[in-house]
Amino acid sequence: MLRSLRKYGFIYSLFIKNSLMSQMEYRVNFLMGLLVETSYLFAKFLYVIIVYEAGLTLDGVPMDAILLFIGTYTLMTGLYWGLFAINFVQIPEHVRTGSLDILLTKPISLQFMMTLRNVDFGLAIPNVLGGVTMIVVGWRRQGLPADAASIGGFIFFLVLGLFVTYTLFLIPQLLSFWFIQIAAVNDISNGLFELNNMPMMIYSKWIQRIGIFVVPVLLITNFSPLFVLDRLHPGLFLWAILSPILLLGITRWIWSKAIRNYNSSGG
């Protein structure tokens, strides 16, 4: 197992290196992408400023704490679009055109290659930096302890959220092995991610239950801030650990079914 982890860790480092090199070949495009994404980020900052001036509170959570939720959402947005989504959206095209055939011959995990091969730095960098900035500001203004337990717990739930993001938003793309057009499904899945734009406390109890236990999209960006604010129920702590494992098992099962259903370009 350790040998496999080292092998795939080295391969992933090559994926990152190749992605950076390919984007640096067209530096103007790369810089323009950074500029556009930074512009979106500044628009989000203006939105945060407006909410700050309104002095809103949600379920007893003050604005400084709400900034933790918005910052976590911004950070996870950068990681999702920069690490995962850029690969996920290519899966239907590989299936439709038959370019999946050549990937099937590679001596590594097909799922690993198809879902992690590309990294979009232009999308990731502005959102990650902006998200971390908002988290740090909200953390300090809220007066939260900056000890190892708090920071470690926050990062732990971020990692669990990444696993949920990977599995939950990969599943809709696998429908392309059975259906030609899945654009509507993609729109719905992207809309689900946007539910994290604000703390889950703005939603009704039923929507929160569905977003945590049925389609655990609210777990992605809400549990890290709730942990450091000491508002995370012990039952939710356990579910945060179990749900990524469950989703990974479901994803692997659907993936194996999808690959067996695949017909190559040569029939």
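Attention in this report is confined to the structure presented alongside it. (Residues numbered from 1 in each chain as written. Predicted model: local features only at pLDDT ≥ 70, side-chain atom pairs only at ≥ 80, totals over all residues. Heavy atoms only, no water.)

Along the protein, the regular secondary structure elements total twelve helices and zero strands. Its helices and strands taken in sequence order, the protein reads α-α-α-α-α-α-α-α-α-α-α-α from the N to the C terminus. Rg of the C-alpha trace for the protein: 20 Å, near the compact-globule value of 18 Å for 267 residues, within the 12% margin. For the protein, the C-alpha atoms occupy an extent of roughly 60 × 45 × 40 Å along the three principal directions. Every one of the 267 residues in the protein was classed for burial, and the buried ones make up 46%. (Helix = DSSP H or I, 4+ residues; strand = E, 2+ residues; numbered from the N terminus. Rg over C-alpha atoms; globule rule 2.2 N^0.38 Å. Buried < 20%, exposed > 50% of the residue type's maximum accessible area, 1.4 Å probe, protein only.)

A word on the nonpolar core. Counting 73 residues, the largest nonpolar core has Leu 100, Phe 169, Phe 177, Phe 223 and Leu 229 as its most contacted members. Residue contributions to this core peak at 16 residues, all from helix α3 (residues 63-88). Once you skip the residues sitting within four places of it in the chain, Phe 177 turns out to touch Ile 91, Val 95, Leu 100, Ala 258, Ile 259, Asn 261 and Tyr 262. (Core = buried A, V, L, I, M, F, W, Y, C linked by side-chain atoms within 4.5 Å. Contact = heavy atoms within 4.5 Å.)

Further remarks concern the packing of helix α8 (residues 148-174) against helix α9 (residues 183-193). Contact geometry for α8 and α9: axes closest at 9 Å, N-to-C directions at 160°. With respect to α9, the axis of α8 lies roughly antiparallel. In the packing of α8 onto α9, the handedness of the crossing is right-handed. Along its contact with α8, which presents Thr 165, Phe 169, Pro 172 and Gln 173, the element α9 presents Val 185, Asn 186, Ser 189, Leu 192 and Phe 193. (Axes fitted to C-alpha atoms, helices over the stretch in contact; angles between N-to-C directions. Parallel < 35°, antiparallel > 145°, perpendicular 65-115°, else oblique. Left-handed = near helix turned anticlockwise from the far one by under 90°.)

Attention shifts here to the environment of Leu 168. Assignment of secondary structure puts Leu 168 in helix α8. Residues Leu 168 and Val 215, spaced 47 residues apart in sequence, show a C-alpha to C-alpha distance of 8.0 Å. In this view, Leu 168 contacts Val 215, Pro 216, Val 217 and Leu 247; residues no more than four positions away in its chain are not counted.

Its place among the elements puts Ser 176 in the loop between α8 and α9. Each residue touching Ser 176, except ones within four places of it in the same chain, is listed here: Ile 91, Pro 92, Val 95 and Ile 182.

Time to look at the packing of aromatic side chains. With the rule as written, the count across this model stands at 19 aromatic pairs. Ring centres of Phe 84 and Phe 88 lie 6.0 Å apart, and the angle between their planes is 10°; this geometry places the pair in the stacked category. On the criterion of helical spacing, the pair formed by Phe 84 and Phe 88 is a turn pair, its members being four residues apart in helix α3. Phe 88 shares its class with Phe 84; the two are buried. Centroid distance Phe 156 to Phe 237: 6.5 Å. Interplanar angle 25°. Geometry classified as stacked. Placement of the pair is Phe 156 in helix α8 and Phe 237 in helix α12 (residues 234-261), with a sequence separation of 81 residues. Look at Phe 156 and you get partly exposed, because its relative accessible area is 35%. In this structure an aromatic cluster arises from ring pairing among Tyr 73, Tyr 80, Trp 81, Phe 169 and Phe 193. It is Arg 209 that lies over the ring of Trp 206; its NZ or CZ is 5.2 Å from the centre. (Phe/Tyr/Trp six-rings, centres within 6.5 Å; stacked < 30°, edge-to-face > 60°. Lys NZ or Arg CZ within 6 Å of the ring centre and 35° of its normal.)

With that settled, consider unusual backbone geometry. Even without glycine at this site, Asp 230 takes up a positive phi of about 60°. You can see Asp 230 is positioned in the loop between α11 (219-228) and α12.

Right, let's get into the pattern of salt bridges. Evaluation of the coordinates by the stated rule reveals two salt bridges. The partner of Arg 141 in a salt bridge is Asp 64, and the shortest N-O contact between them spans 2.9 Å. On the criterion of sequence distance, the pair formed by Arg 141 in helix α7 (residues 121-142) and Asp 64 in helix α3 is long-range, its members being 77 residues apart. Of the residues examined, Arg 141 reaches a relative accessible area of 53% and is grouped as exposed. For Asp 64, a relative accessible area of 16% corresponds to the buried category. Across the salt bridge formed by Glu 93 and Arg 96, the nearest N and O atoms sit 2.8 Å from each other. One end of the pair, Glu 93, and the other, Arg 96, are both in helix α4 (residues 91-97), three residues apart, so they sit about a helical turn from each other. (Salt bridge = Lys/Arg side-chain N within 4 Å of Asp/Glu carboxyl O.)

So, about α11. Of all ten residues in α11, nine are buried, a share of seventy percent or more. Of all the positions in α11, only Leu 219, Ile 220, Thr 221, Asn 222, Phe 223, Ser 224, Pro 225, Leu 226 and Val 228 are classed as buried. Packing partners of the buried residues in α11 comprise α3, α7, α8, α9, α10 (205-214) and α12. Once α11 ends, the next one or two residues include Asp 230, with phi positive near 60°.

Relative to the helices and strands, Ala 184 resides in helix α9. Considered as a pair, Ala 184 and Pro 244 are 60 residues apart in the sequence and their alpha carbons are 25 Å apart.

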